[in-house]
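# Report on the structure
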Amino acid sequence: MKSEQEQYNRINEAKEFIASKLSLFPEICEPKALIICGSGLGGIAEILQGETLSIPYSSIPHFKTSTVAGHVSHLLFGSIGTNKVPVMCMVGRLHFYEGYDFEEATFPVRVASVLGISNLIVTNAAGGINPNYKAGDLMVINDHLNFPGLAGYHVLRGPNLSVFGPRFLPLSDAYDFGLRVILADQAKNILKLDRKIHEGVYFYASGPSYESRAEARMIGMLGGDCVGMSTVPEVIIARHCGMKVLGISLITNNVVTAKPESAFDFVAKVSTEIKNQEDGIASHAEVLESAQEASEDVKRLVEATVNLL
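Starting afresh in each chain, residues are numbered from 1 along the sequence in its written order. Under the rules for a predicted model, residues below a pLDDT of 70 receive no local features and side-chain atom pairs below 80 are neither given nor counted, while totals for whole chains, interfaces and linings still include all residues. Calculation of side-chain values draws on the structure's entire complement of heavy atoms; hydrogens and water are dropped beforehand.

### Brief notes about the overall build of the chain
By the criteria applied, helices consist of DSSP H or I runs no shorter than four residues and strands consist of E runs no shorter than two, each listed in order from the N terminus. From N to C terminus, the chain includes nine helices and nine strands. Against the globule reference of 19 Å for 309 residues, the chain gives a C-alpha radius of gyration of 20 Å, in line with a compact fold. Overall, the chain is about 75 × 45 × 35 Å in size when its C-alpha atoms are taken along their principal axes. Residues count as neighbours in contact if any of their non-hydrogen atoms are within 4.5 Å of one another. Long-range pairs, those at least 24 residues apart, make up 83% of the contacts in the chain with a sequence separation of at least 6. In the form shown here, the chain has an accessible surface area of approximately 14,200 Å², with 53% of it arising from carbon and sulfur atoms. Of the charged side chains in the chain, 26 are positive and 34 negative; the average position of the first set lies 4 Å away from that of the second. As defined in this context, the radius of gyration uses C-alpha atoms, and a globule is described by 2.2 Å times the residue total to the power 0.38. Method for areas: the Shrake-Rupley scheme with a 1.4 Å probe, in which residue coverage is limited to the protein chains shown. Residues counted as positive are Lys and Arg, residues counted as negative are Asp and Glu, and His and the chain ends are not counted. Every charge is mapped to an atom, namely NZ of Lys, CZ of Arg, CG of Asp or CD of Glu.

### What about the pairing of strand S9 (residues 244-254)?
Relative accessibility under 20% of the residue-type maximum defines a buried residue, over 50% an exposed one, and the middle range a partly exposed one, all with a 1.4 Å probe and only protein chains included. Of all 11 residues that make up S9, nine are buried, and the element is covered over most of its length. When DSSP finds two or more bridges between a pair of strands, those strands are recorded as paired. Direction of pairing for strand S5 (residues 119-128) relative to S9: parallel, over a ladder of 10 bridges. Bridging across to S9, Ile121 finds its partner in Leu246. Here strand S6 (residues 138-146) pairs with S9 via three bridges, running antiparallel. Opposite Leu138, over in S9, you have Leu250 as the bridge partner.

### What about the side chain of Arg93?
With respect to the element layout, Arg93 can be found in the loop between strand S4 (85-91) and helix H2 (102-105). Given the relative accessible area of 1%, Arg93 is considered buried. Here a polar contact is recorded for every N or O atom pair within 3.5 Å, except that within protein the pair must consist of a potential hydrogen donor and a potential acceptor, and residues adjacent in sequence are included only if both atoms are side-chain atoms. A polar side-chain atom of Arg93 sits 3.0 Å from a polar atom in the side chain of Glu234.

### Quick notes on the nonpolar core
Buried Ala, Val, Leu, Ile, Met, Phe, Trp, Tyr and Cys residues that are joined via side-chain atoms within 4.5 Å together make up what is termed a nonpolar core. Judged by nonpolar contacts, the single largest core of 48 residues is most densely connected at Ile18, Leu34, Leu75 and Phe77. With near-sequence residues (within four places) excluded, Phe77 lies in contact with Ile18, Leu22, Ile28, Pro31, Leu48, Glu51, Thr52, Leu53, Ile55, Val87 and Met88. Within the second largest apolar cluster, 31 residues are counted, among which are Leu41, Ile80, Leu193 and Val298.

### Quick word on the packing of aromatic side chains
For Phe, Tyr and Trp, rings pair up if their centres lie within 6.5 Å, where Trp contributes its six-membered ring, and each pair is then called stacked (planes under 30 degrees apart), edge-to-face (over 60) or tilted (otherwise). Throughout the structure, instances matching the rule amount to six aromatic pairs. Between Tyr57 and Phe63, the aromatic rings sit 5.5 Å apart at their centres with planes inclined by 55°, giving tilted as the arrangement. In this structure Phe63 comes out as buried when scored by relative accessible area, which is 8%. Look at Phe63 and Phe107: their rings are 5.7 Å apart centre to centre, the planes differ by 85°, and that puts the pair in the edge-to-face class. One end of the pair, Phe63, is in the loop between strand S2 (49-56) and strand S3 (74-80); the other, Phe107, is in helix H3 (residues 107-114), with 44 residues separating them in the sequence. For the pair formed by Phe63 and Phe107, the shared burial category is buried. Look at NZ for Lys and CZ for Arg. If either is within 6 Å of the ring centre and within 35 degrees of the ring normal, a charge sits over the ring. Over the ring of Phe164 we find Arg110, and its NZ or CZ is 4.6 Å from the ring centre.

### With respect to the UniProt feature "binding site: a purine D-ribonucleoside" (unreviewed entry) in the chain
UniProt positions are given in the numbering used here, feature names are shortened, and annotations may be inferred rather than shown by experiment. UniProt records the feature "binding site: a purine D-ribonucleoside" (unreviewed entry) for Glu211 and Asn253 in the present numbering. What stands out for the annotated residues spanning 43 residues is how close their C-alpha atoms remain, the widest pair being 12.4 Å apart. Within the element layout of this structure, Glu211 appears in the loop between strand S7 (197-204) and helix H6 (213-222). Looking at Glu211, the relative accessible area reads 17%, which means it is buried. Ignoring any residue separated from it by four or fewer positions in sequence, one finds Glu211 in contact with Ala205, Ala216, Ile219 and Val227. In this fold, Asn253 is placed in strand S9. Of the residues examined, Asn253 reaches a relative accessible area of 7% and is grouped as buried.

What follows is the structure, encoded as structure tokens:
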């Protein structure tokens, strides 16, 4: 585990490298928001306008690269909306399940903070647990369940970087109410979107396997409305840095919660037809397909919200 000073040094080295590139682009050199593009949602970067700057993760000191399909590994800087709000986009995120530790996976958020960014807008693809959720719906995150964190794999474990935040970070206000109000107002009164938008609890599971049926039922019993393998580590680090956070989940599939058919009941019935146990099983291809279908509405929501920062 790296010392506090070593972590500071690495963060500042990455910051200085990025700042040296941004200095050539005066209109976007002071971004106000970091936007993290989830699985299949890299198209959010298409709403950037005017001059843009792309920096591959591989060229930035101490940045790791994404290994997941649908996650391109570069930072993209530009402006959004009629107010030309400068932003930094992570087109491709880093996950704990890829083998990166939490410090590596959340490193870009720390760097964004020292660049002066004060808002995080994080998107993800998630499986629907709440029976009222359907594939293609959106969910604005108002709280989360950090299952790995409760089990000891917490993103703030280790030396506290006190220049950013306290040793014991409160998270009861993790998802900013003001930003959620802006999004709700834009969705309902300005954009008038037809797509169903919920507000609920995101359950963070470390992955990379999708949940078993029993695990899915447990998540629902604990209060999770949807489940995914990202977002929460980045949110916690953003809050530790004092950033405001807005989270949007795209529901890509309905998680299978029904108990498997009993083999003994099947034999007792002397049935001649075996029920398809694969119905509803999630796949990454399904996640990307659903994300593509809803990406336009996600882009419009992000643009309308960022424009008012």
